[in-house]
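Summary of the model geometry
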Amino acid sequence: MTTLIKNALLVNEGQKLPGSLLIEDELIADILPSGAPLPSADKVVDAQGALLLPGVIDDHAHFREPGLTHKGDIASESRAALAGGVTSVMDMPNVSPETTTIDLWEEHQALGLRHSRVNYACHFGATNTNIEEIKRLDPTRVPAVKLFMGSSTGNMLVDKQSALRQIFRHSPVLVMAHCEDTGRISWRMSKAQELWGDDPDVCHHTWIRDEEACWLSSSLAVRLAREEGARLHIAHVTTQRELSLLGTSCPTFSPPHLPALPPWGREPSLRSITGEACVSHLLYTEDDYPRLGTALKVNPSVKTEADRQALLNALRDGTLTLIGSDHAPHLLSEKQGGCRLAASGMPLVEFSLVAMLDQGELSVEQIVSLMCHAPATLFGIEGRGFLRKGYKADLTLVEQAEWTLGKKDILSKCGWSPLEGQTFHHRVWQTYVNGRLAYDHTIVDDTQRGEALRFL
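This structure is a prediction, so every number in the text was calculated from the model and none was measured.

Digging into helix 2 (residues 102–115)
The periodicity of an α-helix, 3.6 residues per turn, causes residues three or four places apart in sequence to face the same way. The terminal C-alpha atoms of helix 2 lie 20 Å apart, and with 14 residues this matches the ideal 20 Å at 1.5 Å per residue to within 8%. Tucked inside the fold, the buried residues of helix 2 contact helix 1 (74–83), strand 7 (86–91), strand 8 (119–122), strand 9 (124–125) and helix 3 (131–135).

What about a nonpolar patch on the surface?
Among the surface-exposed residues, Leu195, Trp196 and Trp207 lie close enough to one another that they form a single nonpolar patch of about 300 Å² accessible area. Within the secondary structure, Trp196 is located in helix 5 (residues 182–196). The partly exposed category is assigned to Trp196, whose relative accessible area is 36%.

Some remarks on the sheet that holds strand 14 (residues 322–324)
Taking strand neighbours across the sheet as the criterion, the six strands line up as 9-10-11-12-13-14 in an open arrangement whose pairing is parallel. The outermost strands of the open sheet, each flanked by one partner alone, are strand 9 and strand 14. Pairing of strand 13 (residues 273–278) with strand 14 involves three bridges; the strand directions are parallel. Bridge assignment links Ala277 to a residue of strand 14, and that residue is Ile323. Contacts from helix 7 (residues 211–228) reach strand 12 (232–234) and strand 13 within the one sheet, and its direction differs from that of strand 12 by about 170°.

Quick word on the sheet that holds strand 6 (residues 56–61)
Pairing is parallel across the open sheet formed by three strands, whose spatial order is 6-7-8. In this open sheet, the two edge strands, each paired with only one partner strand, are strand 6 and strand 8. Recorded for the sheet is a direction-independent mean angle of 20° between the axes of neighbouring strands. Where strand 6 lies against strand 7, four bridges are found, and the strand directions are parallel. Bridged to Asp58 within strand 7 is Val89. In this fold helix 12 (residues 364–379) packs onto strand 6 and strand 7, with an angle of close to 65° to the strand it touches most, strand 6.

Calculation rules
Residues numbered from 1 in each chain as written. Predicted model: local features only at pLDDT ≥ 70, side-chain atom pairs only at ≥ 80, totals over all residues. Heavy atoms only, no water. Helix = DSSP H or I, 4+ residues; strand = E, 2+ residues; numbered from the N terminus. Expected span 1.5 Å × (residues − 1). Contact = heavy atoms within 4.5 Å. Patch = residues over 30% accessible without salt bridge, like charges linked within 9 Å, V, L, I, M, F, W, Y side chains within 5 Å. Areas by Shrake-Rupley, 256 points an atom, 1.4 Å probe, with all protein chains shown as cover. Salt bridge = Lys/Arg side-chain N within 4 Å of Asp/Glu carboxyl O. Buried < 20%, exposed > 50% of the residue type's maximum accessible area, 1.4 Å probe, protein only. Pairing = 2+ DSSP bridges. Axes fitted to C-alpha atoms, helices over the stretch in contact; angles between N-to-C directions.

Below, the structure written as structure tokens:
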């Protein structure tokens, strides 16, 4: 089966050029510049100047299965991912039961392959006591060990220094850390309760989970990673102060051979300390609490406008490596309350790409680098993330069209979005996964299943 996408604007490896792309079965068979003779194909799509991008690779999503499926599951959230132009997802392990043994990882991964409409891999969860399981991980199948160094959802807090050091010393894969200092957060919460009551208003969430809580934990993670020669990826960096920790290498770290990124950024495969920015912290600041209320409650908290601008600058110059969604669906009933009772997290996988394109603070070339190329490079994903002959045909066609996001547009099982009511000027038109058209103008092919991601 061959498909020709013609008259597109191809965005890839720092360039935006008119041309066409030929899919043959699962692979990109050819990339043709504008004006080149076009081959015949079983199916021809006239892109009419729409953007053709590599499919987004989301390194940070919570699909909630197993055990938390009342608010999201692999089928529902991967459908939402498809509608957002996302073709590969790395799912988080803080589900029920938590993915903290190899047997549970195999079960979680099997669920993903059975139900996911997009390509799939599951991170492995660290605990204070599962170092022997971590040592046995297969680095060709597991993208990272997820390490909660600050309390979040679930019961996976690793708070023993000896356990932390063992994880950094022995993990055969990247360590992806949630960095907030639990002791400081607990102390600040108690003070907030003295001042503002048992469940302080959400406007105080950033005061409780402040810059210092992030710094204490991130700096500890970086110190341990350097001392143990580990690869550390700090999830959802939120503060300007933490950026000084990034972009450094350990002398003991030997990277694999991976594709190069566009010239404006540093090559993440050559660094052992990297960081992720998440869409929530690029779109919002603490000034948005009065408008959005607990919809804006995320961990780590959103910070100041100066921090948001620092994150954007760090994405531009390569200090921060990539953008993830931290897609975290909760029912609206679970988002009621304040700093103590309201759940933390928001659903973003479906609209992360269009939100970043519409924001206009990063170029489309930079967005493709940060949401497609960089995740493939950092995690060593085999044959994905670029528009290259011989790579898997994971593609997203984005049209320029004005539309306003309403409830009818939301595919995530939780049924809401912090972006409701916002008017956009980009819209995902088609999404191809492994050469197959999986999403087309609001229609999801529910027979579509992704493949297991493989890592170099």
